[in-house]
Structures are given as C-alpha cells and as structure tokens.
Amino acid sequence: MEKPLGIIGGGNMGEALIAGLIHSGLLSPAEILFSEPRPERRAYLQEKFRVSFAETNRDLVTRAPTLILAVKPQSVPEVLAEIAQSLKPHHLIISICAGVPLDYIQSFIPRPIRMVRAMPNTPALIQKGATALAPSPAAQAKDLSTAEAIFQAVGITAIVKESQMDAVTGLSGSGPAYVFAVIEALAAGGVKEGLSQDVALNLTTQTVLGAAHLIQATAKHPATLRDQVCTPGGTTMAGLYAMEEGGFRLALMNAVIAATQRSKELGEALQKLPSSSPPGRTKKIVDRLHKSARGGLKVTRKLH
Ligand SMILES: NC(=O)c1ccc[n+]([C@@H]2O[C@H](COP(=O)([O-])OP(=O)(O)OC[C@H]3O[C@@H](n4cnc5c(N)ncnc54)[C@H](OP(=O)(O)O)[C@@H]3O)[C@@H](O)[C@H]2O)c1
C-alpha cells in the first residue's frame, strides 16, 4: 500500500477503519491521516488514536496517495468538487459510500482514476465486518490487494463485480438489521414462554453467534447442520415446521430482494444527476432520496 492512507470523513466508519488498521498492525498512527470538519470529532480521534488530521480535503489529497472516501453519500459531490483537480495518476480512491457508483465518482474527475468500491457493514465497527470489494476498470491488481488488506483489518472481504454491489447492499449491507430482527423475535418467543427478557436475549444472541461460528468452523452447509439437529418428530422439527408455515425463509429472501431493488433505484437516480449540478443542490436531492420512505422510482420521476 502506498502510504500514508488518507481517510476523508472521521465518522463511524472512518473511526472503525482507523481502529482496525492500527489494532491489526497494518498501519501505524503516523501512517494515517484523516480529514473531518467537526473540531470535537477531530480532537477525539487524535486523542484516541494519535493519528494526524489534514486541515482540508485538498491538503489531505496532496499528502496521501491512498484515499478512503468515508463521507455520507450526500456529501460526496461537495468533497469531489473540492479534490477533483488535486487527484493525480498515483492516487487510488477507495469509496465506501453506499449506493454511489464508481462512474458517478469518475464523472467529477478530469482524468481516469484508479478506484475500488467497498461495501462494509456495521459489525466492521468491532472488526467483525463483511466487506465486498469491486474494482474500477482502471484499477490494478495491487489496488485490489490494498483494499483487501484494509478491510481485512475490520473483518472478512469478498470480491464482486460492481454490478453485484446492489445485491451485496441488500444482503450483507442491510443484513445486520435482519439478524437483529430475528434475534428480537426469537427472544420475544422465549419471553412469551416465560423466560425473563435478559435470559431470553442472552440465550438468543449466543445461539445466533454459536450457530454462525459452527458454520464457519465446520465449513458445512447450514442445511446439513440443520438436518443434523432435527430428530424425526422432535421439538426442532416442530419449530421449523411452524417457521415454514409462517413463511420465514421466503420473508428473508424477499427482504434481500427488496433491499437490492431499493439500492438499485437510489444508484440509478444518483447517476441521472449531472455532476455539474451545484454540490448544495445535489446534496439536497440525495438527502431526499435517502430519506424517502416511498418507492425510489417515484422520487426519480419527480427529479426529471
Ligand atoms: N455505517 C455503516 O455501517 C456503513 C456501512 C456501509 C457503508 N457505509 C458508508 O460509509 C460512509 C460513512 O458512513 P458513516 O456511518 O461513517 O457516516 P458518518 O458517521 O456520518 O461519517 C461521515 C463523516 O464525514 C464527515 N464529513 C462530512 N462532510 C465532510 C467533508 N466535506 N469532508 C470531510 N469529512 C466530511 C462528517 O462530519 P459531520 O458529522 O460534521 O457532517 C462525518 O464525521 C457513508 O457513505 C455510508 O454510506 C456505512
């Protein structure tokens, strides 16, 4: 990796990456620079990790050859407008901005730039993330290796095509929320059957953790492991039958499909916005897109 690494945006993900990179030993604090508009946030990150900050994004870009774009999607146009002219052929941009296509980023930059799009998830905050990586056409093998090393510091990585990023968003990106809902529902079942809230939640959380670890440790398909615990006519089979009756598996598959579709809609709407729009206007539109609880297609039509 070309050092130092510059992280644009010291929010939740920026902090998770700084923590993971230092904790794993991949980078020392002196090899990490970040930019962040909020003074109290800067002070916090400096104090906690001893990393340095750059006064402006442009200053960061001139000092760091490897860049991670870790701002909210709404802030992307503003950041790119600021740094576009300072980006040189030696730069690599790794974007973690959900739903922001690489083509959209490239449209702000006057020359082809090497990029990798990454989609981490929230467990990255505790170094248990699952991150998918997709290279841009101009990216080289070493760029993908750099991105892999960075995100392996906060969990596991998988390489996909950029066209599969919406599916990744619908699966592992949104997945923690599905699992939280599953844990909550299982624990509620325990409470309904007389367990205390605490006991039910602790048992459920450890059960989910243990089951996931068992899949990883044995490398067996979950269906095989499930069959191994199903005695004919037994309790687990009775529970699984009730889950099938309630449409559990179909509901989860539909959750992934719906989230994938929503991610596609947001990405398509963003790509239709000209990069020449003033950043402030684009920010407002992107904000509206992300806050919109209704179908993204309706919002897209309103925009044009
Ligand atoms: N959190 C997740 O689990 C997750 C998962 C996958 C992908 N992502 C993506 O990761 C990105 C960051 O998410 P996050 O949860 O870390 O958001 P966040 O906590 O809001 O962090 C973004 C940070 O960027 C700062 N910022 C805003 N404008 C800036 C500018 N012009 N220059 C430099 N920094 C600027 C923000 O400061 P202010 O607060 O002052 O605005 C904030 O501290 C998003 O694009 C998101 O889609 C997040």
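Overview of the structure. (Residues numbered from 1 in each chain as written. Predicted model: local features only at pLDDT ≥ 70, side-chain atom pairs only at ≥ 80, totals over all residues. Heavy atoms only, no water.)

Once that is clear, we can look at the packing of aromatic side chains. Within the structure shown, the criterion is met by two aromatic pairs. Where F34 meets F53, the ring centres are 6.2 Å apart and the plane angle is 50 degrees; that geometry is what we call tilted. On the criterion of sequence distance, the pair formed by F34 in strand β2 (residues 32-35) and F53 in strand β3 (residues 52-53) is long-range, its members being 19 residues apart. Residue F34 is classed as buried on the basis of its relative accessible area, which comes to 0%. (Phe/Tyr/Trp six-rings, centres within 6.5 Å; stacked < 30°, edge-to-face > 60°. Helix = DSSP H or I, 4+ residues; strand = E, 2+ residues; numbered from the N terminus. Buried < 20%, exposed > 50% of the residue type's maximum accessible area, 1.4 Å probe, protein only.)

Turning our eyes to something else, we now look at a nonpolar patch on the surface. There is a patch of nonpolar side chains on the surface, built from L195, V199 and L203 and spanning about 240 Å² of accessible area. Take L195: it is sitting in the loop between α8 (175-192) and α9 (197-218). (Patch = residues over 30% accessible without salt bridge, like charges linked within 9 Å, V, L, I, M, F, W, Y side chains within 5 Å. Areas by Shrake-Rupley, 256 points an atom, 1.4 Å probe, with all protein chains shown as cover. Salt bridge = Lys/Arg side-chain N within 4 Å of Asp/Glu carboxyl O.)

To continue, consider the sheet that holds β3. In space, the eight strands of this open sheet follow the order β3-β2-β1-β4-β5-β6-β7-β8, with mixed pairing throughout. Strand pairing shows two members of the sheet lacking a second neighbour, β3 and β8 (155-159), which therefore form its edges. For strand β4 (residues 66-69) and strand β5 (residues 92-95), the ladder comprises four bridges, and the chain directions are parallel. The partner of L69 across the bridge, within β5, is S95. Against the sheet, helix α1 (residues 12-24) contacts β1 (5-8), β2 and β4, and its axis sits at roughly 155 degrees relative to β1. (Pairing = 2+ DSSP bridges. Contact = heavy atoms within 4.5 Å. Axes fitted to C-alpha atoms, helices over the stretch in contact; angles between N-to-C directions.)

Cis geometry marks the peptide bond from K3 to P4, where omega comes out at 0 degrees. Within the fold, P4 resides in the segment before β1. One non-glycine residue, Q127, adopts positive backbone phi at about 60 degrees. Considering the arrangement of structural elements, one finds Q127 in the loop between β6 (114-119) and β7 (129-135). Within the chain, A219 stands out as a residue other than glycine whose phi angle is a positive 55 degrees. Mapped onto the elements, A219 comes out in the loop between α9 and α10 (222-228). In this structure A219 comes out as exposed when scored by relative accessible area, which is 70%.

The tally for this structure, following the rule as stated, stands at 11 salt bridges. Across the pair E265 and R262 runs a salt bridge, and its minimum N-O distance is 3.5 Å. Taken together, the positions of E265 and R262, both in helix α12 (residues 248-272) and three residues apart, correspond to about one turn of that helix. Within this structure, E15, R41 and K48 form a network of salt bridges that share partners.

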